[in-house]
Amino acid sequence: MQLAHELVSELSERIDGTVCVDDMTRQLYSTDASIYRATPIAVVFPRHADDVAATVQFAADNGLPILPRGGGTSLEGQTVNEAVVIDCSRHLNQILELNAEEGWARVQPGVVQDALRRAAAPYGLDFGPDTATATRATLGGMIGNNSAGAHSIVHGKTIDHVLDLRCLLADGSEITCTPLDAAGLQGKQRVDGLEGRLYRTVAAVVERHADAIRERFPKVMRRVTGYNLDAFVDRMSNASSNSPRAFDAIGGFDSFNMAELMVGSEATLAVFLDAKVRLVRLPSATALGVAQFDDLVTAMEATRLIVETQPSAVELIDDLMIRQARAHSGLAHLCDYVEGSPKALLITEYSGESPAFVADQVDKLRDLLARERLGFGFYRATGTQQQADVWQLRKAGLALMLSLKGDAKPIAFVEDTAVPVDRLPEYVARLQDVVDRHDTWAGFYGHASVGCLHFRPVINLKEAGDVGKLRSIAEEVRDLVVEFDGALAGEHGDGRTRTEYLPGFFGQEVYSAFRQIKTAFDPEGRMNPGNICDPLSMSDRNGGADGIGVSARRPAQTPPRYLIDTDLRYGVDYHTPPLATQLDWTPEGSFSGAVEMCNGNGACRKTEGGTMCPSYMVTRSEEHSTRGRANALRAVIAGQLPSASLTSERLYQVMDLCLECKACKSECPSGVDMAKLKYEFLAQYQDAHGVPLRARLFANADRVGRWGSRLAPISNWMGASPPGRWLNERLLGVSARRHLPTFVRRTFEQRFGERRRAAAGNTPGDRGRVVLFHDTFMNYNVPTVGLAAVRVLEAAGFEVVLAKAACCGRPMLSNGLVGAAAAAARANVAALMPHVEAGTPIVGCEPSCLLMLRDDYRDLLGESSAVRKVAEASFMIDEFLVSRARGAESELELQLGLQPRPGRLLVHGHCHQKALIGMEPTMEMLRWIPELEPVALDTGCCGMAGSFGYKAEHYDTSMAIGELSLFPALRNEPGTGVAVSGISCRHQVQQALGGSPRHPIEWLADALPD
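Residues numbered from 1 in each chain as written. Predicted model: local features only at pLDDT ≥ 70, side-chain atom pairs only at ≥ 80, totals over all residues. Heavy atoms only, no water.

Turning our eyes to something else, we now look at the overall build of the protein. In terms of regular secondary structure, the protein is built from 47 helices and 27 strands. In terms of overall dimensions, the protein is globule-like: its C-alpha atoms have a radius of gyration of 31 Å, near the 30 Å expected for 1010 residues. Per-residue burial over the protein gives 62% buried out of 1010 residues. Considering only residue pairs separated by 6 or more positions, the protein has 75% of its internal contacts joining residues 24 or more positions apart. Entry remark: accessible area of the protein is about 36000 Å², with carbon and sulfur atoms responsible for 50%. Across the protein, the centroid of the 104 positively charged side chains sits 5 Å from that of the 124 negatively charged ones. (Helix = DSSP H or I, 4+ residues; strand = E, 2+ residues; numbered from the N terminus. Rg over C-alpha atoms; globule rule 2.2 N^0.38 Å. Buried < 20%, exposed > 50% of the residue type's maximum accessible area, 1.4 Å probe, protein only. Contact = heavy atoms within 4.5 Å. Areas by Shrake-Rupley, 256 points an atom, 1.4 Å probe, with all protein chains shown as cover. Lys, Arg positive; Asp, Glu negative; His and termini not counted. Charge placed at Lys NZ, Arg CZ, Asp CG, Glu CD.)

Here's what the structure looks like:
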């Protein structure tokens, strides 16, 4: 490491970007979405292309291996290595040019696929290879892996859309790969230096081994293994195809584009600086038909018929995905159309010029399957949202499978083989035989339209016996692929899982051709070493103008550097000692089990849409993603970082920007609950370092509120005045740029009591009694919310009572005082149980407080009968009213007699509400108001997140998160009403934009008749 520090110090002086060699950062980049782990030498965050060039040149000067990386979503281990990792995603993420008229864009390697698709969509354009990881996969990574997606039956692979590439070679020199005609190729071959040698060598290697390339390369379209030498064979001129040349001669090709070799090369030949990519025309209309089947083989038989109907996609989902989705709080609704328990679903899409045409195609498919008696049940999805929901379920497939609890997981190592579609039924049956013989089972999903199925055997890599199964299954599947004339990789490339099998699969002559190419580009083997192949040894470089002689035709004897069962993230030597935890981790199996739910799929690295992960969206830093935090925790508990790191300042920095929004609990397909993990971390950290005064004050919000009300208006002046804010920042670390919430002199409890006394016991109650769980903020800060709730509930015919409850415990839990939160939870369960046992529902207005009862009390107290009953009896007020209205066939809605309130109402949802309930109850309740048009904003976290945004060190991040989507959405409609359920969200909006956002129940109460 001393050498690394010295080298990095020198590199830091050469670039404007950042160079990191600290242990934490290196651990964060030691894994990707695969089953492998390798710790990098250093991680570089270049700010521009010149930084990349300086880094590559520096590595060449010092003999260091290098590995460019984008989103780190590779499934075969291509983006982990003992190398200098160049993270292109943080800064090199610009669309440099978009030419809608000619249908192309020039992009930097860190551009996320969905960002390009959003930029192209207004012009009716799209990027064809639409992978399931489009929210976080970068174009550089897609080019490196030759990625493809659900519509590859129409659009092919990435190689079909890359027009030219600007690259850096291993020696630091730059090369631009662009289409050439025969004359252009000859001109390149006459150039002196490395570029000329490369053009001469590649042409000569292809010519020399043309027959073997034609014979050994799979004929299926979805082949992304080895180097794309087959792309050049068909472009050889007649003269050149029959007359092999010496390596220094000019070959004969009708056309030639070196970019086709770079695509799929997995960073083993060059580093990409930017690319010109083709865009495709968006279809005018699409429709989906979803058919259900009792078994996988029958579904594959149906696929053979379906592909003849010219669909634009045919995707498979198996019963494992369906079961996992139904058990997932954020995805269960996507399975509403599924009848019973099918073994497989086939999603078929048709594209065309009109909705009528595609709908007719779906109907014809339904009739075809019925005539052939294939499948049961059929779902038509012709609406935009219907189709989006179906696709969301399919795209969650990878992570849904990995969300299986326990150490045994459906893992990727043979998952993307591809065979001819007409042989799929027999192939799938044989795959099922393979897993049966190995005493396990497998999940299936993927691109049935092109014979590329994601086949994931369930294996526990922590067990030696199962690691043996890993190799045994891989070798049997390899043999099956050969038997069925298929490809080892149809989507995810070679990486560490397949490199060792390439010599046998392609034969020694073709594999030797790969090594000749590798040697020409990277003679020292420093470009992502060990993947696809290593360079030829010096003894095999037998002369020739380019250093590669005819002896290269001999069998390659050097074994691949990486084997399928080495460098495993979770291997037989992986152990996590027991940790004395303060929360209950029984549902997850253990604290380590909860950490290991993160499989690296990177869904938390999306940059737009949804809520997860707000701090990553702002910082674009891996350590501030859910995956980064989980990786940091895993490295500590697994001993890859010192055990003392669990309570270190560095780990605190990694965890600090988690806003505890809980979005990952629903938006992460693997269901990683980073908020809960942070609560445990803070408890451990503060046990070691003590509880700061600021944390104690925030944790005791109820006590602060009580005294704030008693001292109002003096307390309000202190919280709002410049001297008071300055003092708060100096003494407590509360940002001076924040105005603290104001306190009321007369609390909600006092006003509720006055209301009751004024009613002289004449209170409604024909619908029964409800307990209003009046939270701390309702009581001391915004009693108007509570009074509005009481008005609505009473108008609906309910008698409202208050429980003698304590603070819910949320402020304590979010500040790491787990013991105090548990004490509050026990007190509240005891106070609420008599009401629950009497059949009285509990209703709340503040999402973060009410949902403590539903969610967090289980973590604090365990799954006892009392905790479960309280949780089941607790409802947000909109959720409660809507459920009662449905049960009474809208009689309740009529009883309220709501008056018209014309206009639009912008509705922003609290993060916890969106994660655990969803926004539909709020929207349905607001739609009761005549002539009101409530609009649910597609906004993520507001950035305040309880006490997070009040902390001085978080202020800028907090406001930047609000600027991602919420603030712009509200600015776009000045003067429009705003409904926000969370008090922290309302405070954030008020401070950033002014105005008076109100709780949804206040809007409903205002529509009640006088």
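Having put the structure on the table, let's press on.
Strands sit in the order E17-E14-E16-E15-E19-E20-E18 across an open sheet of 7 strands; the sheet is antiparallel. If you trace the sheet from one side to the other, it starts and ends with strand E17 (376-381) and strand E18 (409-410), each paired once. In this structure, strand E15 (residues 313-318) lies alongside strand E19 (residues 442-447), joined through 3 bridges in antiparallel fashion. The partner of Ile317 across the bridge, within E19, is Tyr445. Docked against the sheet, helix H14 (residues 319-326) engages E15, strand E16 (344-352), E18 and E19, running at close to 70° with respect to E15. (Pairing = 2+ DSSP bridges. Axes fitted to C-alpha atoms, helices over the stretch in contact; angles between N-to-C directions.)

Those residues of helix H46 (residues 983-993) that fall on the buried side of the exposure criterion are Ile983, Ser984, Cys985, Arg986, His987, Gln988 and Val989. Those residues of H46 that are buried are in contact with helix H34 (776-780), helix H35 (783-795), strand E25 (903-908), helix H44 (955-964), helix H45 (966-971) and strand E27 (977-980). One or two residues past the end of H46 sits Gly994, with phi positive at roughly 80°.

A contiguous nonpolar patch, built from Ile714, Trp717, Met718, Trp726, Leu727 and Leu731 and spanning about 670 Å² of accessible area, is present on the exposed surface. For the nonpolar patch, the secondary structure elements donating two or more residues are helix H31 (714-720) and helix H32 (722-732). Along the chain, the position of Trp717 falls in helix H31. Looking at Trp717, the relative accessible area reads 53%, which means it is exposed. (Patch = residues over 30% accessible without salt bridge, like charges linked within 9 Å, V, L, I, M, F, W, Y side chains within 5 Å. Salt bridge = Lys/Arg side-chain N within 4 Å of Asp/Glu carboxyl O.)

The next thing to look at is the sheet that holds strand E2 (residues 42-45). In a beta sheet, neighbouring strands pair by backbone hydrogen bonds and run either parallel or antiparallel. Here 4 strands make up an open sheet; going across it, the order is E1-E2-E4-E3 and the pairing mixed. Only two strands of the sheet have a single neighbouring strand rather than two, namely strand E1 (18-20) and strand E3 (66-69). The average undirected angle you get between the axes of adjacent strands in this sheet is 20°. Contacts from helix H3 (residues 49-62) reach E2, E3 and strand E4 (84-87) within the one sheet, and its direction differs from that of E4 by about 175°.

Okay, the pairing of strand E12 (residues 271-278) next. Burial within E12 is extensive, with 7 of its 8 residues counted as buried. Where strand E8 (residues 162-168) and E12 come together, 6 bridges link them in antiparallel fashion. Bridging across to E12, Cys167 finds its partner in Phe272.

Moving on to the side chain of Arg117. Considering the arrangement of structural elements, one finds Arg117 in helix H4 (residues 113-120). The class for Arg117 is buried, based on a relative accessible area of 18%. Here Arg117 is in contact with Leu125, Asp126, Phe127, Asp130, Ala134 and Lys395, once residues within four sequence places are set aside.

Here we come to helix H28 (residues 674-689). The end-to-end C-alpha distance of H28, which contains 16 residues, comes to 22 Å, matching closely the 22 Å that a straight helix rising 1.5 Å per residue would cover. When you tally the buried positions in H28, you get 13 out of 16 residues, the bulk of the element. The first or second residue beyond H28 is Gly690, which carries a positive phi of 90°. (Expected span 1.5 Å × (residues − 1).)

Our next topic: the pattern of salt bridges. Side-chain pairs of opposite charge can arise whenever the charged atoms involved come near each other. Inspection of every chain in the model, using the stated rule, returns 67 salt bridges. The salt bridge involving Asp274 is made with Arg166; its shortest N-O contact spans 2.8 Å. Note that Asp274 is positioned in strand E12 and Arg166 in strand E8, a separation of 108 residues in sequence. As a salt-bridge pair, Arg496 and Asp567 come within 2.8 Å of each other at their nearest N and O atoms. Here the residue Arg496 occupies a position in helix H20 (residues 495-498), and Asp567 occupies one in the loop between helix H22 (508-521) and helix H23 (591-595), the gap between them amounting to 71 residues.

Between Met612 and Cys613 the backbone carries a cis peptide bond, its omega angle lying at -10°. The step from Ala712 to Pro713 runs through a cis peptide bond, and the omega angle for that step is 10°. Phi is positive for Glu266, which is not a glycine, with a value near 55°. In this structure, Glu266 sits in the loop between helix H12 (259-262) and E12.

Mapped onto the elements, Thr268 comes out in the loop between H12 and E12. Note on Thr268: relative accessible area 0%, which makes it buried. Distance from Thr268 to Ala448, taken between C-alpha atoms, is 30 Å for residues 180 residues apart in sequence. Setting aside residues no more than four positions away along its own chain, Thr268 makes contact with Tyr227, Lys518, Asp522, Met527, Asn528, Asn531 and Ile532. Polar contacts involving the side chain of Thr268 include one to the side chain of Tyr227, which spans 2.8 Å. (Polar contact = N/O pair within 3.5 Å; in protein donor to acceptor, adjacent residues only side chain to side chain.)

Each pair of packed helices gets described by two things: the angle between the helix axes and the distance between those axes. With their axes 8 Å apart at the nearest point, helix H38 (residues 847-861) and helix H39 (residues 865-872) run at an angle of 170° to one another. Of the possible angle classes, the one that applies to H38 and H39 is roughly antiparallel. Facing H38, whose interface residues are Leu853, Arg854, Tyr857, Arg858 and Leu861, H39 presents Val867, Arg868, Val870 and Ala871. Here the residues of the contact of H38 with H39 sort into 6 nonpolar, no polar and 3 charged. (Parallel < 35°, antiparallel > 145°, perpendicular 65-115°, else oblique. Nonpolar A, V, L, I, M, F, W, Y, C, P; charged D, E, K, R; others polar.)

A few words now on the pairing of E19. Extensive coverage of E19 is indicated by the burial of 6 of its 6 residues. Pairing of E19 with strand E20 (residues 452-459) involves 6 bridges; the strand directions are antiparallel. Paired with His447 across the two strands is Cys452, which belongs to E20. Taking the residues between adjacent antiparallel strands as the criterion, E19 and E20 are bridged by 4 residues, where Gly451 takes a positive phi near 70°.

Fair warning: the whole summary comes from geometry, so function is off the table for now.
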